[in-house]
Amino acid sequence: MLPGQGLTTAMGILPHTDLIRAQNLALSLDIPFWPQLPHFRFKEDMYAQFAEHFPGILIDEEKEVLRFSNERFAAEIDAYLEGSNDPAYFALSEEFSTAFRHFLTLDLSAYPLVRGQTVGPVSFGLKIYDEELKPMIYNDFVREILYDFLYRKIAWQYSRLQSVHPHPFVWLDEPGLEMIFNSFSAYTSELAQTEYRAFLAKLPGPKGVHLCGNPDWSFLLGADLDILSVDVFSWGHILIRYLDELGEFLRRGKIIAWGLTPTLTAELSQESAAGLTSRLLESWDFLDRHGIDADLIYDRAWLAPSRCCLINADGAESVERSFSLLKEIQGELRRNIYSGRKRT
């Protein structure tokens, strides 16, 4: 079972352009990760970063755009299928990540877990459009290749992380899951759920999803996940209403990463560790009153910033303050509220 009790982690996307500064920030948390640095170069945008070797993808660095060509896909699919026999074909190259290989050289032995990440298949497939301005996920054959492609990318990354730490995992960044289960999507909810469950079942190691929106919580809490990372700063009031699903998820030993500290400068300036701790405990008290034991909630809890943020005028400073605030909240929880027994 994964350790809980308020361990800290964060999503991988950081606004930094300095690798060492970004990596040191990631290492300041209990569960470190290799940073994704889209302000350093476009190929580190989470969509571009995992597009390497996908057939039919066009990466326009000058315009900072990804496009999908059906004609190019047809021309490249045979070479892709041949190359897919080699796990190294799915490597995350240095050209697309300035941080990954550096992360593998670090002494990570003091950490209980280490984390990687990849864009999720739904988000990837919805984000990138073909010549007719249709998301490529709507093409059945392309979608089949997409799910397999990202599974193999994750398997390769997991194996490399496993070579430097006994307890790695790779979670999925999936903002697109907020959109897929609604009437505006041509990728139907029923098909998406079936295919997504099959995809999750294949993944190595603990399975996690991070998203900062408001998706179908029933589906995610009932899926084959070990970790669900949620922007509770924005959406916690909705998540805690899924009492039955959330209770069952936690009783099965799964982890909720409570994304609590804002990263947008304007929001961050209005918050304090005491205020956010109180807000978190109000949610936990509500769950406790409705039959989900407070000790269980804390035992299965991680803490995280609410979301990534690349638009602050102060560069990396607000995000770094958010990480610092997160550790203050962790300290308040451990010192003043929980000591291995139920709060009175």
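Criteria and thresholds
- Residues numbered from 1 in each chain as written.
- Predicted model: local features only at pLDDT ≥ 70, side-chain atom pairs only at ≥ 80, totals over all residues.
- Heavy atoms only, no water.
- Helix = DSSP H or I, 4+ residues; strand = E, 2+ residues; numbered from the N terminus.
- Pairing = 2+ DSSP bridges.
- Axes fitted to C-alpha atoms, helices over the stretch in contact; angles between N-to-C directions.
- Left-handed = near helix turned anticlockwise from the far one by under 90°.
- Contact = heavy atoms within 4.5 Å.
- Nonpolar A, V, L, I, M, F, W, Y, C, P; charged D, E, K, R; others polar.
- Buried < 20%, exposed > 50% of the residue type's maximum accessible area, 1.4 Å probe, protein only.
- Lys, Arg positive; Asp, Glu negative; His and termini not counted.
- Salt bridge = Lys/Arg side-chain N within 4 Å of Asp/Glu carboxyl O.
- Polar contact = N/O pair within 3.5 Å; in protein donor to acceptor, adjacent residues only side chain to side chain.
- pLDDT = per-residue confidence, 0-100.
- Phe/Tyr/Trp six-rings, centres within 6.5 Å; stacked < 30°, edge-to-face > 60°.
- Lys NZ or Arg CZ within 6 Å of the ring centre and 35° of its normal.
- Expected span 1.5 Å × (residues − 1).

Draft legend 1. Region of interest: unusual backbone geometry. At Gln 5, a position not held by glycine, the phi torsion is positive, near 55°. With respect to the helices, strands and loops of the structure, Gln 5 is situated in the segment before strand 1 (7-8). The phi angle at Glu 64 is positive, at roughly 55°, despite the residue not being glycine. With respect to the helices and strands, Glu 64 occurs in the loop between strand 2 (57-60) and strand 3 (65-68).

Draft legend 2. Layout of the sheet that holds strand 8 (residues 255-261). The parallel open sheet is built from 7 strands, whose spatial order is 1-9-8-7-6-5-4. At either margin of the open sheet sits one strand with a lone partner, and together these are strand 1 and strand 4 (114-119). Two elements, strand 5 (residues 168-173) and strand 6 (residues 207-211), share 4 bridges in a ladder whose sense is parallel. Counterpart to Leu 172 in the pairing with strand 6 is Val 209.

Draft legend 3. The packing of helix 3 (residues 70-83) against helix 6 (residues 140-162), seen in detail. Packing of helix 3 against helix 6 leaves a shortest axis separation of 13 Å and a crossing angle of 35°. Helix 6 is crossed by helix 3, and the crossing has left-handed handedness. Between helix 3 and helix 6, the contacting residues are Phe 73, Ile 77, Tyr 80 and Leu 81 on the first element and Phe 141, Val 142, Ile 145, Asp 148 and Phe 149 on the second. Residue composition of the contact of helix 3 with helix 6, grouped by class: 8 nonpolar, no polar and 1 charged.

Draft legend 4. Representation of the side chain of Lys 153 within the structure. Within the fold, Lys 153 resides in helix 6. Of the side chains with opposite charge, Glu 52 lies nearest to the buried Lys 153, which makes no salt bridge, at 4.5 Å. Among the polar contacts made by the side chain of Lys 153, one reaches the main-chain carbonyl oxygen of Ala 91 at a distance of 3.4 Å. The residues touching Lys 153, leaving out its near neighbours within four places in the chain, are Phe 50, Glu 52, Phe 90 and Ala 91.

Draft legend 5. Geometry of the confidence of the model for the chain. Residues with a pLDDT of 70 or more make up 96% of the chain, whose mean pLDDT is 94. A low-confidence stretch, residues 339-344 stays under pLDDT 50, and its non-local contacts, those more than four residues away or across chains, total 9 contacts.

Draft legend 6. How the structure looks around the packing of aromatic side chains. With the rule as written, the count across this model stands at 18 aromatic pairs. With 5.6 Å between their ring centres and 55° between their planes, Phe 68 and Phe 73 make a pair best called tilted. Taken individually, Phe 68 and Phe 73 each receive the classification buried, so the pair is uniform in this respect. Grouping aromatic residues by their ring pairs yields a cluster made of Phe 54, Tyr 80, Tyr 89, Phe 90, Phe 124 and Phe 149. The lysine or arginine in question, Arg 115, covers the ring of Trp 171, its NZ or CZ lying 4.1 Å from the ring centre.

Draft legend 7. Structural context of helix 13 (residues 273-289). Taking 1.5 Å as the rise per residue, helix 13 with 17 residues should run 24 Å; its terminal C-alpha atoms sit 24 Å apart, in good agreement. For helix 13, the full list of buried residues reads Ala 273, Leu 276, Thr 277, Leu 280, Leu 281, Ser 283, Trp 284, Phe 286 and Leu 287. Where helix 13 ends, the next residue or the one after it, Gly 291, has phi of about 100°, a positive value.

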